[in-house]
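# Architecture and fold: a report
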Amino acid sequence: NGGLVVFPTETVYGLGADATSSEAARKIYSAKGRPSDNPLIIHISSPGEAEIYTETSPLYYKLAERFMPGPLTVIMKAKPTVPFATRGGLSTVAVRCPENPIANALIKKAAVAIAAPSANLSGSPSPTSASHAISDMMGRVDMIIDGGACEIGIESTIVKIEDDGSLTLLRPGKITVEELLTVADVVSIAGAVTDKLKSGERALSPGMKYRHYAPRCELVLIDGDRQGIADYVLSQGKKRLALIAYDEDIAFFEAKYPELKIMSFGPATDETEQAKRLFSLLRECDGLELDLILAPLPTPKGMGLALYNRMIHAAAHQIIKCDGEING
Ligand code: TXA
Ligand code: MG
């Protein structure tokens with residue numbers, strides 16, 4: 001009925017409303033404090049519903065067969081059923097069919113696609129639990145559905161189907177480039193996934209140009225081993241800092257700095273666990289009186305590419321090599 005509902009998905013909580021209503025889209029932008037040129041993903045309950053809203057192609061159905069329902073968003077040419085307000089004025093629209101049963105049931109009951117960005121206030125980390133969503137959205141929406149913690153913890157992989165039948169990766173997620181290549185012959189990675197946009201450069205995905213997932217205090221990523229990280233901690237003197245560390249390294253840091261606030265990022269090789277924890281850790285840091293958060297720079301491979309992408313954005317590209325050189 002044009003109202004706003006926060007609902008769980010397997011990736012992060014969404015802030016949903018009727019995808020066919022311009023008025024509903026405007027309410028979403030206003031509740032989030034989001035610029036209205038940043039388009040919304042429309043959520044469907046089965047892959048075939050994409051026909052109502054977009055010009056599909058055989059590649060879409062190949063992707064759907066392999067990855068839907070699930071954490072994949074596909075961008076295609078929009079049909080007029082999706083108002084310009086929902087798609088941020090673009091000629092394309094992003095479609096996703098979530099796997100979470102509550103999300104699926106909600107879309108079915110609504111009997112219309114649900115437009116939904118992540119249910120965070122613009123600029124803060126995406127909510128991965130109902131309590132995150134409540135702290136950002138209570139009082140701004142008509143309903144919040146508590147579905148517990150999100151299984152994946154980072155937002156969906158976004159790909160665009162290009163006119164020549166290739167795919168462009170606009171946002172990495174749980175579904176990796178390697179997996180996409182089992183379905184598409186060519187997957188190119190948009191520059192903004194790993195690099196800073198040069199001034200004047202246009203982001204393919206409007207959301208990429210905004211500062212993202214940002215904790216309230218400074219976040220710096222360390223490109224180095226645990227000794228490099230330890231040296232950097234020492235160089236920060238009296239700053240109030242927290243260190244996000246791989247489980248294998250925690251005892252090492254605790255022995256060196258018994259006073260240091262250390263947060264577990266999960267095992268070094270378990271990117272699935274790290275993804276689940278990332279946004280929650282950043283929010284937890286917001287609750288502490290800190291000057292600086294330090295975290296290891298992930299390796300941008302497999303699902304590590306998604307962690308890398310979220311973390312360089314959250315850190316506003318402040319990456320320090322363990323020799324102390326700043327690349328930013
Ligand atoms: O996992 C997810 O995708 C979550 C859950 C709720 O489904 N949603 C989500 O939405 O992350 P949002 O709005 O926070 O991020 C969507 C991103 C934005 O960066 C937006 O600019 C981009 O997708 N996007 C949406 N439609 C697009 C389009 N037609 N062309 C290019 N980029 C688009
Ligand atoms: Mg978002």
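The notes below deal with the structure included here.

How each quantity is defined
Residues numbered from 1 in each chain as written. Chains lettered and ligands numbered in written order. Predicted model: local features only at pLDDT ≥ 70, side-chain atom pairs only at ≥ 80, totals over all residues. Heavy atoms only, no water. Buried < 20%, exposed > 50% of the residue type's maximum accessible area, 1.4 Å probe, protein only. Helix = DSSP H or I, 4+ residues; strand = E, 2+ residues; numbered from the N terminus. Arc of directions from axis to C-beta. Contact = heavy atoms within 4.5 Å. Pairing = 2+ DSSP bridges. Phe/Tyr/Trp six-rings, centres within 6.5 Å; stacked < 30°, edge-to-face > 60°. Salt bridge = Lys/Arg side-chain N within 4 Å of Asp/Glu carboxyl O. Polar contact = N/O pair within 3.5 Å; in protein donor to acceptor, adjacent residues only side chain to side chain.

A few words now on helix α1 (residues 22–32). Looking at α1, one finds that the buried residues are A24, A25, I28, Y29, A31 and K32. Down the axis of α1, the sector holding all buried residues measures 165 degrees, keeping them to one side. The elements touched by buried residues of α1 are β2 (14–18), β6 (114–116) and α5 (130–137).

Put simply, M68 and P69 share a cis peptide bond, and its omega is -5 degrees. The backbone phi angle of A111 is positive, close to 60 degrees, even though this residue is not glycine. Position of A111 relative to the elements: it lies in the loop between α4 (101–110) and β6. The backbone phi angle of A316 is positive, close to 50 degrees, even though this residue is not glycine. Checked against the element boundaries, A316 lands in the loop between α10 (304–314) and β15 (319–321).

Before going further, it helps to spend a moment on the pairing of strand β5 (residues 92–96). Buried residues dominate β5, accounting for five of its five residues. Where strand β3 (residues 41–43) meets β5, three bridges bridge the pair, whose relative direction is parallel. Looking at the pairing, H43 lines up with R96 of β5.

Right, let's talk about the environment of L170 for a bit. Within the secondary structure, L170 sits in strand β9 (residues 167–171). We classify L170 as buried; its relative accessible area is 3%. Considering only alpha carbons, one finds L170 and T73, 97 residues apart in sequence, at a separation of 9.8 Å.

Spatially, the ten strands line up as an open sheet ordered β7-β1-β2-β6-β3-β5-β4-β8-β9-β10, and their pairing is mixed. Each having just a single partner strand, β7 (143–144) and β10 (187–189) make up the two edges of the open sheet. As paired elements, strand β4 (residues 72–77) and β5 share five bridges and run antiparallel to each other. Within β5, the position partnered with T73 by the bridge is R96.

So, about the packing of aromatic side chains. Evaluated as defined, the whole model comprises three aromatic pairs. Centroid distance Y60 to Y61: 5.0 Å. Interplanar angle 75 degrees. Geometry classified as edge-to-face. For the pair Y246 and F265, a centre-to-centre distance of 5.9 Å together with 10 degrees between the ring planes defines the contact as stacked. With Y246 in the loop between β12 (241–245) and α8 (247–256) and F265 in the loop between β13 (261–264) and α9 (271–286), this pair connects stretches of sequence that are 19 residues apart. Note on Y246: relative accessible area 14%, which makes it buried. Note on F265: relative accessible area 0%, which makes it buried.

What follows is about the pattern of salt bridges. Per the stated rule, a full pass over the model turns up nine salt bridges. In this structure, the salt-bridge partner of D249 is R226, at a minimum N-O distance of 3.4 Å. Separated by 23 residues along the polypeptide, D249 in helix α8 and R226 in helix α7 (residues 226–235) bring together distant segments of the chain. Judged by relative accessible area, which is 35%, R226 ranks as partly exposed. A salt bridge links R277 to E273, with the shortest nitrogen-to-oxygen separation between them at 2.7 Å. Of this pair, R277 and E273 both sit in helix α9, four residues apart, which is roughly one turn of that helix.

Of all eleven residues making up α10, eleven are buried, and the element is well covered by its neighbours. Every buried residue of α10 is listed here: G304, L305, A306, L307, Y308, N309, R310, M311, I312, H313 and A314. Taken from the residues just after α10, A316 is the one with a positive phi, measuring 50 degrees.

A separate point is the side chain of S124. Structurally, the position occupied by S124 is in the loop between β6 and α5. Judged by relative accessible area, which is 18%, S124 ranks as buried. Of the polar contacts made by the side chain of S124, one reaches the side chain of D136; its length is 3.2 Å.

Functional significance is not addressed by these values, which are geometric in nature.
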